[in-house]
Amino acid sequence: MKILNIKSNKFKTFLKSINLLDGQRRGEVVFRRFFFLVAMGMLIYLLLLTFVGRKGEVKVSVDPAPEKVQAQEIVIEDKEEWVDGDKVTTKADGTVEVVPAEVFMESSTQAVKRFTQSYSGSKIDDKYFTLLDKYCSDEALRTVVAISVAETSMGRNTSRKTNFYGWFKGGNRSYDPDMETMAREICTGVQKSYIGIGTDSAKSRKYVGHDTTNWLKNYRWAYAQMEVK
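It should be emphasised that the depicted structure is a prediction, and the values quoted were computed from it without experimental measurement.

Basis of the calculations
- Residues numbered from 1 in each chain as written.
- Predicted model: local features only at pLDDT ≥ 70, side-chain atom pairs only at ≥ 80, totals over all residues.
- Heavy atoms only, no water.
- Patch = residues over 30% accessible without salt bridge, like charges linked within 9 Å, V, L, I, M, F, W, Y side chains within 5 Å.
- Areas by Shrake-Rupley, 256 points an atom, 1.4 Å probe, with all protein chains shown as cover.
- Salt bridge = Lys/Arg side-chain N within 4 Å of Asp/Glu carboxyl O.
- Helix = DSSP H or I, 4+ residues; strand = E, 2+ residues; numbered from the N terminus.
- Axes fitted to C-alpha atoms, helices over the stretch in contact; angles between N-to-C directions.
- Parallel < 35°, antiparallel > 145°, perpendicular 65-115°, else oblique.
- Left-handed = near helix turned anticlockwise from the far one by under 90°.
- Contact = heavy atoms within 4.5 Å.
- Buried < 20%, exposed > 50% of the residue type's maximum accessible area, 1.4 Å probe, protein only.
- Arc of directions from axis to C-beta.

Caption draft 1: Layout of a nonpolar patch on the surface. On the surface, a nonpolar cluster with roughly 660 Å² of combined accessible area is contributed by Phe36, Leu37, Met40, Leu43, Leu47 and Phe51. For leucine 47, the location among the structural elements is in helix α2 (residues 26–51).

Listed below in structure tokens is the structure:
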């Protein structure tokens, strides 16, 4: 059996003659190609491990069932503003509604009724007021009620049932008819002859028949209380 002596000069010369990097012999070329293929395969394998993950370790995540979101209805309310006494409403659809200030003002009749209801000891109740309103104009109604205050404190200081005005038809000082007759009589008489009595001294003297100082003071106070607010 022949034993290879690696220390021989021929073997050393053989090893030195091998050039794996750029040698042109067939064995050297085949080695480089094989080494290149192996290196590329390892590189691809490492890339797969890095970006894809090891086989058997692939995790699949499953999103939970999506929650149901209930839509909420958005309600746009009307916007109300007050501009110079006018009520301005901007509707949800963009339209604008304007209610003039006059609509919200107290009417002259309401102002008179408010006074009769608030006056202490007043005998002009709702029924009586309705009759006075029926037969009197707006100014006559205000004048009649102010006269009732100046004459009898709106009926509080008299035993008469309807004549709270010192109105003596035909000179009859006991004149005290039913409610409707009295309402019609006083409204007609005042409307005809005594509108403006609070500022016309001739009319006030004719109605009162004596010094009108205190009478007019009470009349004017009552008349002012019925100012439209």
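What follows picks up the thread again.
Caption draft 2: Main features of the packing of helix α3 (residues 108–118) against helix α4 (residues 126–135). Contact pair α3 / α4: the axes reach a minimum separation of 11 Å and the direction vectors enclose 150 degrees. Taken together, the axes of α3 and α4 lie roughly antiparallel to each other. Regarding α3 and α4, the two cross each other, and that crossing is right-handed. Between α3 and α4, the residues in contact are Thr109, Val112, Lys113, Thr116 and Gln117 and Asp126, Phe129 and Asp133, respectively.

Caption draft 3: Quick look at α3. All buried positions along α3 are accounted for by Ala111, Val112, Phe115 and Thr116. The arc enclosing the buried residues of α3, seen along the axis, measures out at 135 degrees, which places them on a common side. Exposed residues pointing more than 90 degrees away from the buried face of α3 are listed as Gln117 and Ser118. Of the surrounding secondary structure, the elements contacted by the buried residues of α3 are α4, α5 (138–152) and α8 (213–225).

Caption draft 4: Region of the structure containing unusual backbone geometry. The backbone of serine 153 sits at a positive phi, close to 55 degrees, despite the residue not being glycine. Along the chain, serine 153 falls in the loop between α5 and α6 (179–193). Of the residues examined, serine 153 reaches a relative accessible area of 11% and is grouped as buried. The phi dihedral of methionine 154 is positive, around 60 degrees, even though this residue is not glycine. Here methionine 154 is to be found in the loop between α5 and α6.

Caption draft 5: Quick peek at the pattern of salt bridges. Evaluation of the coordinates by the stated rule reveals five salt bridges. Taking the shortest distance from any N to any O, the salt bridge between lysine 79 and glutamate 81 comes out at 4.0 Å. In this structure, arginine 142 and glutamate 227 form a salt bridge, with 3.1 Å as the shortest nitrogen-oxygen distance. With arginine 142 in helix α5 and glutamate 227 in the segment after α8, the pair connects residues that are 85 residues apart, well separated along the chain. Residue arginine 142 is classed as buried on the basis of its relative accessible area of 13%.

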